[in-house]
Amino acid sequence: MPMTKLCRAVIMCAAMTVAAPMLAQSLKPNEVFSSLALSTLEPPNPVLGADNRIHLAYELLAVNPTKLFLTLDQVDVVDPSGAVLSSMKGDRLGEMVVATGGGRRLAPGTSAYVFLDVSFPAGATLPKTVSPRVTLTRERADAAGKPAGYPSTEPIPATVTFTGAPVTVGTKPAIVIAAPLRGANWVALNGCCDAVTSHRGAVMAINGQLRVPERFAIDWMQLDGQDRLYSGPVGTLTSYFSFGHKVYSVADGIVVNRYDQTFEQVPGAAAKEITPANIGGNMLVVDIGGGHYAFYAHLQPGSLMFKIGDKVKAGDVLALLGNTGNTDAPHLHFHVMDGTSPLDANGLPYVFRQFNSTGVLDINSADAMFAKGAPGVIDRKMLAGTHRNQMPLNLQVVDFGP
Ligand SMILES: [Zn+2]
């Protein structure tokens, strides 16, 4: 049949003739059958850490909508030119991936979070956008639902590399604030950025939206001269050197959220009677301007000095450090976020105007510190010295001054 007659009979004729080069293949060379879908929970906001590097701490949601097992082999972050800014594979990648069932393998129909910490030297010009570049390996599920390799006869290869959509890097500098505590030997537990701590890992769905309010949160606990967290019975509040310290406002602002209705928990034991309302314990949220809200949690009952609508000044005593809400030892949980609700918010970076550091706590010594009151092991050289306009990093030991 002459081509013209066939065309008359087929509605797609025009497309076949005019757009034939575009339709020559089902997937164009720049379209990769990735099997995995990636989205960024929130665009990253840069912050200068106490290591004098600018950190982009953010998260990817990886969704496996297929019937295959997908193992993440490598996750890079690239700039618009394709230059690699950060690269993780093997055990290091495994530490920064939280997948259903553990490891780096996503079972069929499951999702995972990938926690990223891309850093640059202080003063570097940051790329306008960053994109994830992922290499993964596919496996079929057998009849029992277990991974069973991948036949070479499949039309798409087992291993694939693809680049996800770019995300815009924030240009707003981190807010500069005063410290919420005074005195020496405060350790920044569960801080940012290179580990999936209980704060960074606290991705939660609120009103159908994924939120990471605690991305830059720190649990501050004070050590004594022997680098212990407490002395005396583990279950007694006053055994802890942190307990009862004054908590100071980090900036001028207005109190926009407050809770003061829950009791002190017993240290060293699982928290009791936790509800969605009291999970942060007795707490204050202060609007400190520019879309930033400071959150102070686990405060002592009856110690809150301000009520909703009150104006506070930087350095005002807000409350006393306690052990209320979801906590197992007296500490100040502090973070900055973009809304008035401590959980329905996105965590924002902040820097302290000035602090001194006397080292970094070895995480391996932490269990004995909590369980037995043992002294912590501190690397006295790491991150030591005076820091200005920087964010303390995970496990850093900090002197805030008088
Ligand atoms: Zn906390």
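For the structure given in this document, a descriptive report is provided here. (Residues numbered from 1 in each chain as written. Predicted model: local features only at pLDDT ≥ 70, side-chain atom pairs only at ≥ 80, totals over all residues. Heavy atoms only, no water.)

**Remarks on the overall build of the protein chain**
Here is step 1: Counting its secondary structure elements, the protein chain contains four helices and 28 strands.
Here is step 2: With the principal axes as the frame, the protein chain shows a C-alpha extent of 95 × 45 × 40 Å.
Here is step 3: The proportion of buried residues among the 402 residues of the protein chain is 48%.
Here is step 4: Roughly 18300 Å² of accessible area belongs to the protein chain as shown, and the carbon and sulfur atoms make up 56% of that amount. (Helix = DSSP H or I, 4+ residues; strand = E, 2+ residues; numbered from the N terminus. Buried < 20%, exposed > 50% of the residue type's maximum accessible area, 1.4 Å probe, protein only. Areas by Shrake-Rupley, 256 points an atom, 1.4 Å probe, with all protein chains shown as cover.)

**Considering the side chain of H292**
Here is step 1: By the secondary structure assignment, H292 is in strand β20 (residues 292-299).
Here is step 2: Engagement of the side chain of H292 in a polar contact is seen with the backbone oxygen of G290, the distance being 3.2 Å.
Here is step 3: In this structure H292 touches K172, I175, V286, D287, V336, M337 and L348, once residues within four positions along its chain are discounted. (Polar contact = N/O pair within 3.5 Å; in protein donor to acceptor, adjacent residues only side chain to side chain. Contact = heavy atoms within 4.5 Å.)

**Overview of the side chain of S303**
Here is step 1: Topologically, S303 is positioned in the loop between β20 and β21 (311-312).
Here is step 2: Here the side chain of S303 touches Q300 through a polar contact of 2.8 Å, landing on its backbone oxygen.
Here is step 3: In this view, S303 contacts D260, L318, A319 and L320; residues no more than four positions away in its chain are not counted.

**Here we look at the state of the cysteines**
Here is step 1: Under the definition given, this model contains one disulfide.
Here is step 2: Sulfur-sulfur distance for the disulfide between C192 and C193 comes to 2.1 Å. Since a negative S-S torsion denotes a left-handed disulfide, the C192-C193 link at about 105° is right-handed. Assigned by exposure class, C192 and C193 land together as buried. (Disulfide = S-S within 2.5 Å.)

**Points about unusual backbone geometry**
Here is step 1: For the bond running from C192 to C193, omega is 10°, close enough to zero to count as cis.
Here is step 2: Position of C193 relative to the elements: it lies in the loop between β13 (186-189) and β14 (204-206).
Here is step 3: The phi dihedral of D227 falls on the positive side, at around 60°, and the residue is not glycine.
Here is step 4: Mapped onto the fold, D227 is located in the loop between β16 (218-222) and β17 (246-248).

**Thoughts on the environment of T340**
Here is step 1: Looking at the secondary structure, you find T340 in the loop between β23 (332-337) and β24 (347-348).
Here is step 2: Between the C-alpha atom of T340 and that of V255, which follows or precedes it by 85 residues, the distance is 9.4 Å.

**Section: the nonpolar core**
Here is step 1: I177, W220, Y296, L332, F334, Y350 and F400 are the most contacted members of the largest nonpolar core, which totals 58 residues.
Here is step 2: Ranked by residues supplied to this core, first place goes to strand β25 (residues 350-361) with six residues.
Here is step 3: Sequence-distant contacts of F334, that is, excluding residues within four places in its chain, are made with I177, P180, F216, A217, I218, W220, V250, A294, F295, Y296, Y350 and F352.
Here is step 4: Counting residues in hydrophobic clusters, the runner-up holds 36 residues, among them L93, Y113, V167 and V212. (Core = buried A, V, L, I, M, F, W, Y, C linked by side-chain atoms within 4.5 Å.)

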